[in-house]
Every structure is written in C-alpha cells, then in structure tokens.
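Coordinate analysis (summary)
Next come the chains, spelled out residue by residue.
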Amino acid sequence: MAKYECPCGYIYDPEEGDAESGIEAGTAFEDLPDGWVCPQCGAAKEDFWKA
Amino acid sequence: MSVTEIKENVFSVGAVDWNIRDFHGYSTEKGTTYNSYLIKDEKIALVDTVKKEFKDDLLFHLSELVDPEKIDYLIVNHVEMDHSGSLPEIMDIIKPEKLFCSKNGHKALLEHFHREDWPYEIVKTGDTIKLGKKTVTFLETPMLHWPDSMFTYIPEDKLLFSSDGFGQHIASTERYADELNDCDLMHQAAKYYSNILTVFSPNVKRLLAKVAEMGIEIDMIAPDHGVIWRGESCGEIISAYERWCNYISADKVLVIYDSMWHSTEKMAKVIGSELARGGLEVKMLNLKVNHRSDIMTDVLDAKALILGSSTLNNNMLPVMADFITYFKGLRPKNKVVAAFGSYGWSGEAVKHINQVMEAINLPLAHPGVRVRNVPRPEHFEECQELARAVVAAVKEMA
Ligand SMILES: [Fe+2]
Ligand SMILES: [Fe+2]
C-alpha cells in the first residue's frame, strides 16, 4: 500500500493508520473517509500526493 | 531594545516594533518584537533574523558584539516574513558558512527568496552541532505553526529558542517575563495561543510529550516575539500551554452578535441575562466594537458560543461571516454553540451559522431562534429557552 504526502510534510503511512483520528492501522489512503484531514495541518485528502 | 546577555555569551539582538497594530488581521495593541539571538563561541551563530524594515536595528545590535561578517552560522527556525524578511540583505552582509534549516524550511526559503546559492544545511530532530563550549540541538516542530518550524536548544544553558511557540505580541524594552510590570502578560500569551496555535493544539500536545520524553531540561525559553521566560515563569507558560492544548475551559459563555435595527441586539440581551441567571460567566461581544482576534482570545476558555446575526439579503451579516470564517480556521474544540437572529423576509442567517458549526463538529445546544422583524414577549421566552439549553449543555460538560 502506498504512502501519501501532505503539502505540510506529514506522511500518511497505511501501515500505521492515524489513531488520533480513529483510523486503524492497515487502512489504505484510498479508503480514508472523505471528511478525513491531515492530522498535522488540516489539509483535505485531495491535497495529498503519492510519496 | 538594547543588547541583553541572556546566558553567558548568548545575546538578545532583535528589534522592537512599537507601532504595529495589525498583524495579518490579528490586532496587536501592544506592538511586538522580532527576536533574534547571537551565540558567541568558537563558532558564532545567529538564531533567526527580523522583519525586513528592522534590518538596521538587528545590524546595529550585532555590531556592538561582533563584526557581522564574522558570523559563521545562521539558524532559520521559521521562514515566515516577520523572522526572515531581512534575510537577503543579512545574508549578503554576514555571508555565513552555513545556513541551518529544516527540510521544509529549505523548500520554503527557496520559495520565498529564490536563492539556490545560499549554503543550506538541512537538519532534523536530534541533529547537533558543536560551536565550541556550547552545542546546539535541533527539534523539528512541523505545523507549530508552519511546515518549516523548528526549535533550537542549547543543552549547556538549558535554553530553548522556541520560534513562534510561547510568544506574545508585546513591545517592551524589558526582556524577561518577570520584569514586565504590565500585568497583561498572560492575557497576551493567551491571545497569541488562541489566534495562532489553537488549530495546532494536537501538535502542541505531541510536542510537550516529546520534550518530556527527550528529557530536555529547560530553564529559559526564548521565543521570537515578546519577552523571554526564565526560571519559574517557564513552568507557568508550559502549564498554560498544557491547559490550552487540552481545551480546558471555564463556565464561561460568549454572546457574539451584530444587529441592524436593534432586534437581534434585544434578543442578545435577553439571552445574556438568562445565561447569567443560570450561573454562567457571560461576555456580550458586539462584533462592531470587538476585534475578531480579541473575541478569539475569549473563545480560548469559553465553553459555549451563542452567535447572533440579522439576515441581510439572504445571508448573515458580513462581520459575522468574517468572524466565523476566522473561527472556523482555528478549529476550537470542546464548545457548544447556538444561533439566533432577527430577519425581514426569508431569514437565512441562523441556518447558515448552524451549517458552519456542524461542518466543524461543534454540537448545537439548541436549533436556534429566528424572529421576523421586532421581537414580542413570546419571542423573548424562546430566547430564554435557548439560553437555558446552553446552560444545561455547559453544566453537562463540567
Ligand atoms: Fe510565524
Ligand atoms: Fe512570528
């Protein structure tokens, strides 16, 4: 599963997920809910690119 | 500001801006400072620079201590223009051997100044450079409050250069928190947190945990705005940050409103009285006379916000749109909200306010009260009901 990078430098790693936002480890970037935003800066999913 | 030796061979050399009153939309009634620090050791390092217009203040202070050309290292903790605007000129004068910055700092410097030729040296958390007797260690603090942000630490002096963290917009010749006679200090620190850092509270929380985990000993925190925290005052500001990043609040409610022909204002007053009767601390904040950044300061420790706006041409009033756009961006948590307002025909303001609050996940304590034109006694009862719903919601939060 691919990692995705935010303009602020945060990297979403599907192997880790995002516990603070209730995202379980193993969740692919594509499967993140629409309302999910970068836990570091608040940017939306569409602002991310493949790391 | 004059040159002050804050630790042996570490000097405060920045500039005071007594006159600034508007800092990109944040009202700076006390002015501010752009702090910069010089470390004199076998290698000489300058930590951060100043806003463009204050370049000469910085150079004047530097020349008291050293021939500026002798400065070996420039450390850029943060690329925002208030700390880097003078960089092109300063770089030409001091010609440092190395410019230290984070990975994101490197990107941001290129995007700001378009200078591929500067001697960038990218550092990450834990990297250390030896200056002589002293060393400096870097700590990346992304989104506190920009992607490029980092802190610099001198372990030998237990001194943390915290960039915009722990700052306050206060102009003063005094350099230390404990020297200010002005009792406004914690208010200004709160205003700074609320207007700059609230949205990054989870990051502040992570940072405080990280600092504890790294076992960094701190007895001086030198931010890039305002006064320096030393000794006991370090603990004071750190515990305030702990409160703020955990959204700890008081039984305080804000009634934030604007009115066209006093109907919404009448509703606001009735709501305010009922809230007070319910035992809450109430602040009535008319948007015409309170600056958005001062209201934001009050938001920091409030448990509830009640937003009132008349409807103007199918929309909320422009000052309310201004405030809630600003408020939404700062994403405060742990608050309940409700809306009210008078209108002439269709009355969309309450609905629009509710939609914004729902979008940022703040629960509505009441669906809202709308009154066509001037309120009658039964409308005031509805306003009181709204207030009682807010009181109940606040009591539940405690
Ligand atoms: Fe900044
Ligand atoms: Fe700043």
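Given the structure is predicted, the values throughout are model-derived calculations rather than measurements.

1. With respect to the overall build of chain B
Within chain B, the secondary structure is distributed over 12 helices and 24 strands. In terms of overall dimensions, chain B is globule-like: its C-alpha atoms have a radius of gyration of 24 Å, near the 21 Å expected for 398 residues. Taken over the C-alpha atoms alone, chain B extends approximately 80 × 40 × 35 Å along its principal axes. Looking at chain B residue by residue over its 398 residues, the buried ones come to 60%. Restricting to contacts in chain B with at least 6 residues of sequence separation, those with at least 24 account for 72%.

2. A look at the pattern of salt bridges
Taken as a whole, this structure holds 21 salt bridges over all chains when the rule is applied. The structure contains a network of salt bridges with shared partners spanning Lys252(B), Lys283(B), Asp298(B) and Asp301(B).

3. As for the side chain of Thr32(B)
All names here are of chain B. Inspection of the secondary structure puts Thr 32 in strand S6 (residues 32-34). Under the relative-accessibility criterion, Thr 32 is labelled buried at 0%. There is a polar contact of 3.4 Å between the side chain of Thr 32 and the side chain of His 225. Leave out the neighbours within four places in its chain, and Thr 32 touches Val 16, Asp 17, Ile 20, Gln 168, His 169, Ile 170, Ala 171 and His 225.

4. What about empty space enclosed by the protein?
Residues and elements named next belong to chain B. Applying the stated rule across the entire model yields three cavities of 30 Å³ or more. Taken as a whole, the largest cavity spans an internal volume of roughly 70 Å³. As for the largest cavity, its lining consists of Leu 144, Phe 151, Gly 165, Phe 166, Leu 197, Val 204, Leu 207, Leu 208 and Tyr 241. Element by element, the count of residues in the lining of the largest cavity is highest for helix H6 (residues 201-214), at three residues.

5. Concerning the domain arrangement of chain B
For interface size, the figure often reported is the accessible area lost on association. All names here are of chain B. What the domain assignment lists for chain B is domain 1 (4-245) and domain 2 (252-393). The distance between the C-alpha centroids of domain 1 and domain 2 comes to 38 Å. Taken together, the 15 residues of domain 1 in the interface contact 13 residues of domain 2. Taking both partners together, domain 1 and domain 2 bury about 1,100 Å²; carbon and sulfur atoms supply 55% of that area. In terms of surface lost to domain 2, no three residues of domain 1 exceed Ser 194, Asn 195 and Val 199, which account for 43% of the buried area on that side. There are one salt bridge connecting domain 1 and domain 2.

6. Observations regarding the sheet that holds strand S19 (residues 281-286) of chain B
Residues and elements named next belong to chain B. Judged by pairing direction, the sheet is parallel, and its five strands sit side by side in the order S19-S18-S20-S23-S24 without closing on themselves. Each having just a single partner strand, S19 and strand S24 (369-372) make up the two edges of the open sheet. Between one strand and the next, the sheet's axes are offset by a mean angle of 15 degrees, whatever the strand orientation. Here four bridges tie strand S23 (residues 336-343) to S24, and the two strands are oriented parallel to one another. Residue pairing across strands places Ser 342 opposite Val 371, the latter belonging to S24. Docked against the sheet, helix H10 (residues 318-330) engages strand S18 (252-258) and strand S20 (304-309), running at close to 150 degrees with respect to S20.

7. Some remarks on the coordination of the iron ion (ligand 2)
Residues and elements named next belong to chain B. The iron ion (ligand 2) binds to the protein through Asp 82 (OD), His 83 (NE2), Asp 164 (OD), Asp 164 (OD) and His 225 (NE2); the donor distances cover 2.2 to 2.8 Å. Separating the iron ion (ligand 2) from the iron ion (ligand 1) is a gap of 3.4 Å, which Asp 164 spans by donating to each of them. With Asp 82 in helix H2 (residues 81-84) and Asp 164 in the loop between strand S15 (159-161) and helix H5 (185-197), the pair connects residues that are 82 residues apart, well separated along the chain. Assigned by exposure class, Asp 82 and Asp 164 land together as buried.

8. What to know about the coordination of the iron ion (ligand 1)
Taken together, His78(B) (NE2), Glu80(B) (OE), His145(B) (NE2) and Asp164(B) (OD) make up the protein donors of the iron ion (ligand 1), found 2.0 to 2.2 Å from the metal. Spacing between the donor residues of the iron ion (ligand 1) along their common chain follows H-x1-E-x64-H-x18-D.

9. Side note on the interface of chain A and chain B
Across the boundary between the two partners, chain A contributes eight residues, which contact 10 residues of chain B. Of the roughly 680 Å² buried where chain A meets chain B, counting both sides, 39% is carbon and sulfur surface. Here chain A and chain B share one salt bridge between them. Between Glu20(A) and Arg206(B) there is a salt bridge, with the nearest N and O atoms lying 3.0 Å from each other. Tallied by class, the residues present in the side of chain A that touches chain B amount to three nonpolar, three polar and two charged.

10. Here's the deal with a negative patch on the surface
On the surface, a cluster of negative charge is contributed by Glu378(B), Glu381(B), Glu382(B) and Glu385(B). Its place among the elements puts Glu385(B) in helix H12 (residues 377-397).

11. Describing the packing of H5(B) against helix H9 (residues 292-299) of chain B
All names here are of chain B. It is the contact of H5 with H9, at a shortest axis distance of 8 Å, that shows an interaxial angle of 100 degrees. Between H5 and H9, the crossing angle belongs to the class labelled roughly perpendicular. For the pair H5 and H9, contact is made by His 187, Ala 190, Lys 191, Ser 194 and Asn 195 and by Ser 293, Asp 294, Met 296 and Thr 297, respectively. Across the contact of H5 with H9, the residue classes tally to two nonpolar, five polar and two charged.

12. Quick notes on a nonpolar patch on the surface
A surface patch of nonpolar side chains, amounting to about 350 Å² of accessible area, comprises Met260(B), Trp261(B) and Leu312(B). Positionally, Leu312(B) belongs in strand S21 (residues 311-312).

13. Description of the nonpolar core
Residues and elements named next belong to chain B. By size, the foremost hydrophobic cluster in this structure holds 105 residues, and its most contacted members are Phe 323 and Met 357. Among the elements that make up this core, the one with the highest residue count is H5 (seven residues). Two domains each provide a minimum of three residues to this core, namely domain 1 (4-245) and domain 2 (252-393). Residues contacting Phe 323, with those up to four places away along its chain left out, are Ile 256, Leu 287, Arg 292, Ile 295, Met 296, Val 299, Leu 305 and Leu 307. With 23 residues, the next largest nonpolar core counts Val 253, Leu 275, Leu 280 and Ile 306 among its residues.

Definitions and limits used
Residues numbered from 1 in each chain as written. Chains lettered and ligands numbered in written order. Predicted model: local features only at pLDDT ≥ 70, side-chain atom pairs only at ≥ 80, totals over all residues. Heavy atoms only, no water. Helix = DSSP H or I, 4+ residues; strand = E, 2+ residues; numbered from the N terminus. Rg over C-alpha atoms; globule rule 2.2 N^0.38 Å. Buried < 20%, exposed > 50% of the residue type's maximum accessible area, 1.4 Å probe, protein only. Contact = heavy atoms within 4.5 Å. Salt bridge = Lys/Arg side-chain N within 4 Å of Asp/Glu carboxyl O. Polar contact = N/O pair within 3.5 Å; in protein donor to acceptor, adjacent residues only side chain to side chain. 1 Å grid on protein atoms, 1.4 Å probe; cavity = no way out; pocket = protein on both sides within 12 Å on 5 of 7 lines; lining within 4 Å. Points joined across faces, edges and corners; volume = space filled by probe spheres on them. Domains from an automatic or database assignment. Buried area = accessible area lost by both parts, 1.4 Å probe. Pairing = 2+ DSSP bridges. Axes fitted to C-alpha atoms, helices over the stretch in contact; angles between N-to-C directions. Donors = N, O, S within 2.8 Å, 3.2 Å for Na, K, Ca; no water. Nonpolar A, V, L, I, M, F, W, Y, C, P; charged D, E, K, R; others polar. Patch = residues over 30% accessible without salt bridge, like charges linked within 9 Å, V, L, I, M, F, W, Y side chains within 5 Å. Areas by Shrake-Rupley, 256 points an atom, 1.4 Å probe, with all protein chains shown as cover. Lys, Arg positive; Asp, Glu negative; His and termini not counted. Charge placed at Lys NZ, Arg CZ, Asp CG, Glu CD. Parallel < 35°, antiparallel > 145°, perpendicular 65-115°, else oblique. Core = buried A, V, L, I, M, F, W, Y, C linked by side-chain atoms within 4.5 Å.

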